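# Structural description and commentary
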Amino acid sequence: MRKRRPYKTKKRIARRNKNSFFKKKLFWFSFLFFVFGGGLSYIFFFSPYFQVNEVSVLGVQTIAKEEVLKNFERDGTMSLNILGNNLISESLFIPSQGKISLLLEKFPEIEDVNIKKDFFQQKIVIEVKEKTPVCIWCSDVKCVLLDKNATYIKDLEDEVGFIKVNEYAKYEDNLQAWSNKTKKDFLITIITVYKNNNDIKEFDIYVDKFFGKYKGIDFVFDPKEDLDWQIQKMSIILNKLNYNVDNIDYIDLRFGEQVVIK
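Residues numbered from 1 in each chain as written. Predicted model: local features only at pLDDT ≥ 70, side-chain atom pairs only at ≥ 80, totals over all residues. Heavy atoms only, no water.

### With respect to unusual backbone geometry
- Here the phi dihedral of Asn 242 falls at roughly 55°; this positive angle occurs in a residue that is not glycine.
- The residue Asn 242 is located in the loop between α7 (227-240) and β13 (250-252) in this model.
- Of note, Asn 247 is a non-glycine position whose phi angle comes to about 65°, a positive value. (Helix = DSSP H or I, 4+ residues; strand = E, 2+ residues; numbered from the N terminus.)

Here it is in structure tokens:
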């Protein structure tokens, strides 16, 4: 009897395994999925039917439209290199969330951005909502505009007509720890005083108190005590004085039922 050589058996087994691999359903399913997925990706991202033809900006007031467009379009493209060919896409299917985040980071004046896509007209509309300034906040030698949430808008230029706050104690380091109020909460407190007396348009804040400037005198408030009661006392005193505050330096409203006038 003739013995079979081992190496022939191994070669035959290897050939059988190789042929069976290409006959497996998993291989063909993966291959077809790759081809189909690649084709759809090419259609969605590189087909001329889905490329952006027009981008417009709505809602901007203090920001230049050209700057918004330039930053949006710079971050709104994707590229792919296939066999040495560099393909550039401005597809409508490119996600917008990243571009919105970049616009909010680039322009602190913007409160919110909404992007609308028209697939029939191949058009994108960028709807911008700018922050509304409510006060001028001055710290050291720098003054900035803040919105109702006490978030930064921009450095002060020549804007007028807003409440002015002069910070003589670092808010985050001192006043916040003492009064247990966020900067937004404290700004709401100041706006509440202003709404009750429109003649108080400037405030000085310190570690344990803040002053409201009224016709050459100071009303002294305690931000951690009942503000409504202090405002009520202010109105009572002004009525009793017939709004004549000549020869008065300040009116202190911080001490419970008492009011200190000097």
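### Considerations on the sheet that holds β13
- In space, the 9 strands of this open sheet follow the order β8-β7-β6-β9-β10-β11-β12-β13-β14, with mixed pairing throughout. Across the chains shown, the open sheet's two edge strands, defined by having one partner strand only, are β8 (152-155) and β14 (260-261).
- The sheet contact formed by strand β11 (residues 210-214) and strand β12 (residues 217-221) spans 5 bridges and is antiparallel. Bridge pairing in β12 links Gly 212 to Phe 219.
- Set on the sheet, α7 makes contact with β11, β12, β13 and β14; between it and β12 the angle comes to about 150°. (Pairing = 2+ DSSP bridges. Contact = heavy atoms within 4.5 Å. Axes fitted to C-alpha atoms, helices over the stretch in contact; angles between N-to-C directions.)

### Observations regarding the sheet that holds strand β4 (residues 110-118)
- The 3 strands lie next to each other as β1-β5-β4, forming an open sheet whose pairing is mixed. Of all strands in the sheet, those with a lone pairing partner are β1 (54-58) and β4, marking the two edges. Taken over all neighbouring pairs, the strand axes of this sheet differ in orientation by 15° on average, direction set aside.
- Looking at chain direction, β4 and strand β5 (residues 123-130) are connected through 8 bridges and run antiparallel. Each bridged residue has a counterpart across the sheet, and for Lys 117 the counterpart in β5 is Ile 124.

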